[in-house]
Structure formats: structure tokens, C-alpha cells
Amino acid sequence: MAMFGMKKTKPSEGSELVLAYLEDAQRVRAVLLLVDHRGREVPATFVSVMEDKVVVAPQGALTVDKGGEVSLLFIQEGLRFKAPTRLLEAKPGSATLEVPSSIALAERRKKPRARLNPREGATVTVLTGLFDGVGMNGTIENISESGICVRVDRAMDVKTQRKMHMGANMLPVGQPLMLIKMAKLPKCPTLELGGTVAWLDASQGVLLGIAFEPGKEGMLGSVRSLVAGRAGAIPTSVPPKARRQSEAAREEEQEKYTPKPTAKKEPEPAPKVEPAAAEVAPTPPEPPPPPAPAASPESAPAPEAPPPDDRSQALLRVKKRARGLLLAMPAGSKRDALAAFLSGDGYGRVLCADTLTELLEHVGRPGIHLILVDGGVAELQSLALASFLRSSLDDAMPKVVLAEDSVDADLVLGAQEVGVAQILVKPYDLDLEFRRMLEGHLGIG
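In every chain, residue numbers begin from 1 and rise along the written sequence. Note on the predicted model: pLDDT of at least 70 is required for a residue's local features to be given, and 80 or more for side-chain atom pairs to be given and counted; whole-chain, interface and lining totals, by contrast, use all residues. Side-chain figures throughout are based on the complete set of non-hydrogen atoms in the structure, without hydrogens or water.

(A) Region of the structure containing the overall build of the protein chain. The helix and strand labels rest on DSSP assignments: H or I over at least four residues marks a helix, E over at least two residues marks a strand, and numbering proceeds from the N terminus. Looking only at helices and strands, the protein chain has 14 helices and 20 strands in total. Classification of residues uses two cut-offs on accessible area relative to the type maximum, computed with a 1.4 Å probe and protein chains only: under 20% is buried, over 50% is exposed, and between them is partly exposed. Within the span of the protein chain, comprising 445 residues, buried residues form 38% of the whole. Contacts: residue pairs with any heavy atoms within 4.5 Å of one another. In the protein chain, the share of contacts with a sequence separation of at least 24, taken over all contacts with a separation of at least 6, comes to 60%.

This is the structure we're talking about:
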């Protein structure tokens, strides 16, 4: 009977979906809340996600007994999810939970919202009254037609002009706001309207949620266009997601296919014999000197291909098939030629985007390992696009290579700040050096 007990059951499709989201949330260190049956919330972080259990580190005391119900509430890819589970074990500083059997959307938004990069400089001034009350200044984190999320930089008492301590009790939920002035929103005029406090969170700095006053849809047309260009519609169900294969498992799987090809390639140190033929060859080309130099440069790149043979071409092809590249550049013959070159070089996925919507759709799906920004997309170009990717994806951002006509100190510093892997000076050739550069960033060289 013990034999049968040792056998592991294969996770169901529902569990696979849950594990896919939990593993991604752990990887990007998503904000997590543990919510008990009474609605009490305790901030926590993911420690490990396994096939049969989830270990978290609560940042407060859990008021749930062993076997009690608890829900995981976290934000992933701009959506809010809730996964019910049970507490298996609680220790000081950690809690072990069952793997949830299901996951559901827990969105409170009625309309889509767009994230803004702090470098875009969109600011807001909030006043509860003109001559008394509280005044705040901050940067806009995200915006929708119905409200905004603000990171508060400073607050003051309007009457005395004294700086206020920023905490969770600065403003109560439901507090009317007489003036909300938004400036420097991309492609939007300065907007002034009223609203109310929707929520306030002081766990990591001060974040203020504001709901706009109803009946102002007419003056928010520019905001509607801004959001439509950066965010899609809010889904009605949990979007499908596949689990990421671990790098170790992927390498093991690749190694299974390498012995046979490498055995065939072992006798191919024959290229060393070719130099002998090349030494004899110089004499015949001497009679026609003009064609010889023209033929040698063209044929030179072809012999350059054999050197990669010592890296095992079979293994290299397997690795390239598992890598996905995204080209952020305007449509045209140049992009078509680059995409054809990369596909011919063996990469499994070569995607193109010339609008921000297309880019976000591609980046939102797993399997993109490197983004080449050559001109960027219609809405954002060059370093601004790389900065937007960093703010949107954070640690989940793939390697980014930036192609520029010229390089200066400001560009280099900006690229280092947002985590650009390399600046490529244009024009660049689609040659062996270009291939080696991509392989190096993808870790398959």
C-alpha cells in the first residue's frame, strides 16, 4: 500500500493555471495580502511555490488557525487576483498554505487604466479646500476615466502652510476633494475637476486613490484616448497562462538531444584540412587578379561560419528555437529584412511591433527573451520606450538592446539607469558579429 501512496498525482489544468500565476508573482516579487474570512489583511511576500504547497512570509500576526480558510490577494500584470486556500502550518515569520485549487479576478476597476512612467513627469495637486484643510502634491502612477492613483510627495496644512506628517490617517476614505489639478499628462491639456478619496495606503510610501466626480466625461476625452493607447479592455475571466520551464529543466531537456548531433560533428575537425587546400588555391587565382579580390571578400564570410561548429551547432539550434525576440521598430523593408535574418538564423519566435498596444500584447505573453528597440513604436521611441518597459515590467523586463544613430554621455547614463543591455550604433550589419552579440545577451553563445 505504501507503494501506491508514493505516487504523485499530476496537477489538474486548474492547478497548473494557479501555479503559473503564483510562480510568476513570486518571480517578480508581487505585492501579496493574506485575507482571512473576516476580511482582515496581512501583507506578506512569497518565499517558495511548490507543486503541493506555498510558503509565504507574513509581515504581521495571522489570526487564522491551522486548517482555517485564507485567501491570497495579489496584483500581477496589472490585474488583481484572488486565490482561496487553507493554512497548513504557521511558524514565526512563515506560513505554509495549500496550493489553491482555483484563481479568480478580484478587480475593483470598472474601466481600464494606464500606467505612467515617473520620467514622463505627470503631476497632480490636490486640495480639500481653498483656505483650510489639506493640500498635497505628487506624481501620477496610473490613470483611468474614473480616477487616478497618486504617489504623494508632500502634504501641508493649507491654512498654516506647515508641512504635515504623511501617514495612513491623513485623509479619510470618502473625503471630498475640492480641486484635483493634473498637469503634464502625455498628449493631454491641464485638467481641473473635483473628486473623493477612494483609498489610502501608507505601507510603502503614501499612495492615494482618487475617484473623479461623476458627470465630467466630456472633459476627460483626452484621458480616454491616452488610456486606450496604452491599455486593453479589462478581461472578464482569468487570462490563460502557461508555466515557465525552469532554466535547469530546459538545459537538461536540451542535453538529451545533443549527444547524437555532437557525435556526428566530432569527425568534423576536417576544417583543419581545408587550410591546406586554401594554401594551394592562391596560385590559380593569380592570372585573373581583378576577379580574385572580388570573390575572396564574398567567400570570406562563408568560411567564417565553420568556427561556430566548435560550439555544437545542434545544441545552438535547440537553444535558439526556445528563444523569442521582439523588434520594436517601424514597419518597412528594414524590419522585414531583420526579421527574415533572425528567423533564418533559427530563432523560434520573431515578433514585430510598431505601436505601443502591439508591444504590450507581445510582452504580456511569456516567451520573449530580448527586445531590440530600433526607432521604437509610434507612441514612444528610443530611450523613452526602454524606460517605459522598465517601469511597466520591472524585474520581469527582458534584455533590451537599443539601436541609435549616435551615442553621447546622456544616452549612456540613461541607458544604464533603465537597465539597457547594450547600445548598438546604426547602421549595423546583419553578420556574424551581430549574431554573436544577440547570442551573448541570450546566454546561448
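(B) Main features of the packing of helix H12 (residues 382–393) against helix H13 (residues 409–418). Viewed as axis vectors pointing N to C, H12 and H13 meet at an angle of 15°, and their least axial separation amounts to 9 Å. In terms of orientation, H12 lies roughly parallel with respect to H13. Crossing of H12 over H13 shows left-handed handedness. Residue-level contacts link Leu383, Ala386, Ser387 and Arg390 of H12 to Leu411, Gly414, Ala415 and Val418 of H13. Under this grouping Gly is polar, as are all residues other than the nonpolar Ala, Val, Leu, Ile, Met, Phe, Trp, Tyr, Cys and Pro and the charged Asp, Glu, Lys and Arg. Of the residues contributing to the contact of H12 with H13, the split by class is five nonpolar, two polar and one charged. Lines fitted to C-alpha atoms define the axes, with helix axes restricted to the stretch in contact, and inter-axis angles between N-to-C directions lie between 0 and 180 degrees. Roughly parallel means an angle under 35 degrees; roughly antiparallel, over 145; roughly perpendicular, 65 to 115; everything else is oblique. Handedness of a crossing follows from how the near helix is turned relative to the far one, being left-handed for an anticlockwise turn of less than a right angle and right-handed for a clockwise one.

(C) The sheet that holds strand S19 (residues 399–404), seen in detail. A pair of strands is labelled paired if DSSP reports no fewer than 2 bridges between them. Ordered by their spatial adjacency, five strands build an open sheet running S17-S16-S18-S19-S20, and the pairing between neighbours is parallel. Looking at which strands have only one partner, the edges of the open sheet turn out to be strand S17 (349–353) and strand S20 (422–425). Going from strand to strand, the sheet's axes swing by 20° on average, the running direction of each strand aside. Note that strand S16 (residues 324–328) and S17 share five bridges and pair parallel. Bridge pairing in S17 places Leu325 opposite Val350. Across the face of the sheet, helix H10 (residues 333–344) comes into contact with S16, S17 and strand S18 (370–374) while running at roughly 165° to S17.

(D) Looking closely at the packing of aromatic side chains. Pairs were defined over the aromatic rings of Phe, Tyr and Trp, the Trp ring being its six-membered one, requiring ring centres within 6.5 Å. Orientation was assigned from the angle between planes: stacked under 30 degrees, edge-to-face over 60, tilted for the rest. Tallied over the entire structure, the rule returns five aromatic pairs. Between Phe46 and Phe74, the ring centres sit 6.2 Å apart and the planes meet at 80°, which makes this aromatic pair edge-to-face. One end of the pair, Phe46, is in strand S2 (residues 41–49); the other, Phe74, is in strand S4 (residues 69–76), with 28 residues separating them in the sequence. Comparing Phe46 with Phe74 shows no difference in burial state: the two are buried.

(E) Representation of a nonpolar patch on the surface within the structure. On the surface, Leu130, Phe131 and Met178 cluster together to form a nonpolar patch covering roughly 370 Å² of accessible area. Structurally, Leu130 can be placed in the loop between strand S9 (123–127) and strand S10 (134–144). Patch definition: residues above 30% relative accessible area lacking any salt bridge, with like charges linked at up to 9 Å and the nonpolar side chains Val, Leu, Ile, Met, Phe, Trp and Tyr linked at up to 5 Å. Computed with the Shrake-Rupley method and a 1.4 Å probe, the accessible areas treat only the protein chains shown as cover for residues. Each salt bridge in this description consists of a side-chain nitrogen of Lys or Arg and a carboxyl oxygen of Asp or Glu lying within 4 Å of one another.

(F) Seen up close, helix H14 (residues 432–442). Along H14, the residues that are buried comprise Phe434, Met437, Leu438, Glu439, His441 and Leu442. Contacts from the buried residues of H14 go to helix H9 (313–321), S16, H10, S18, S19 and S20. Following H14 by one or two positions, Gly443 adopts a phi angle in the positive range, close to 70°.

(G) Quick peek at the pattern of salt bridges. Inspection of every chain in the model, using the stated rule, returns 19 salt bridges. Among the ionic pairs, Arg86 bridges to Glu69, the shortest N-O distance being 3.7 Å. Highlighted residues: Arg86 in strand S5 (residues 79–91) and Glu69 in strand S4, separated in sequence by 17 residues. Look at Arg86 and you get partly exposed, because its relative accessible area is 37%.

(H) Quick look at the nonpolar core. Residues enter a nonpolar core if they are buried and are Ala, Val, Leu, Ile, Met, Phe, Trp, Tyr or Cys, with the set joined through side-chain atoms within 4.5 Å. Residues Met136, Ile140, Ile143, Ile148, Met182 and Leu185 are the most contacted members of the largest nonpolar core, which totals 32 residues. Those elements that provide at least two residues to this core are S9, S10, strand S11 (147–157), strand S13 (176–183), strand S14 (191–201), strand S15 (207–212) and helix H3 (221–230). Setting aside anything within four residues of it in sequence, one finds Ile143 in contact with Pro112, Arg113, Ala114, Leu116, Ile148, Met182, Leu185, Val223, Leu226 and Val227. Counting residues in hydrophobic clusters, the runner-up holds 27 residues, among them Val56, Leu72, Phe74 and Phe81.

(I) Spatial organisation of empty space enclosed by the protein. A 1.4 Å probe that fits but cannot get out identifies a cavity on a 1 Å grid over protein atoms alone, an open set with protein on both sides within 12 Å along at least five of seven lines counts as a pocket, and a residue lines either if it has an atom within 4 Å of a point. Grid points are joined across faces, edges and corners, and a volume is the space filled by probe spheres set on the points. Scanning all chains against the criterion turns up one cavity of 30 Å³ or more. What the largest cavity holds in volume is close to 30 Å³. Taken together, Leu34, Val35, Asp36, Arg40, Val42, Ala61, Leu62, Thr63, Val64 and Val70 form the lining of the largest cavity.

(J) Expanded view of the pairing of S13. Summarising the sheet, S9 and S13 pair through five bridges and their orientation is antiparallel. The residue bridging Val124 from the neighbouring strand is Met182, located in S13. Inspection of the sheet shows S13 paired to S14 by five bridges, in the antiparallel sense. Paired with Leu177 across the strands is Gly195, a residue of S14.

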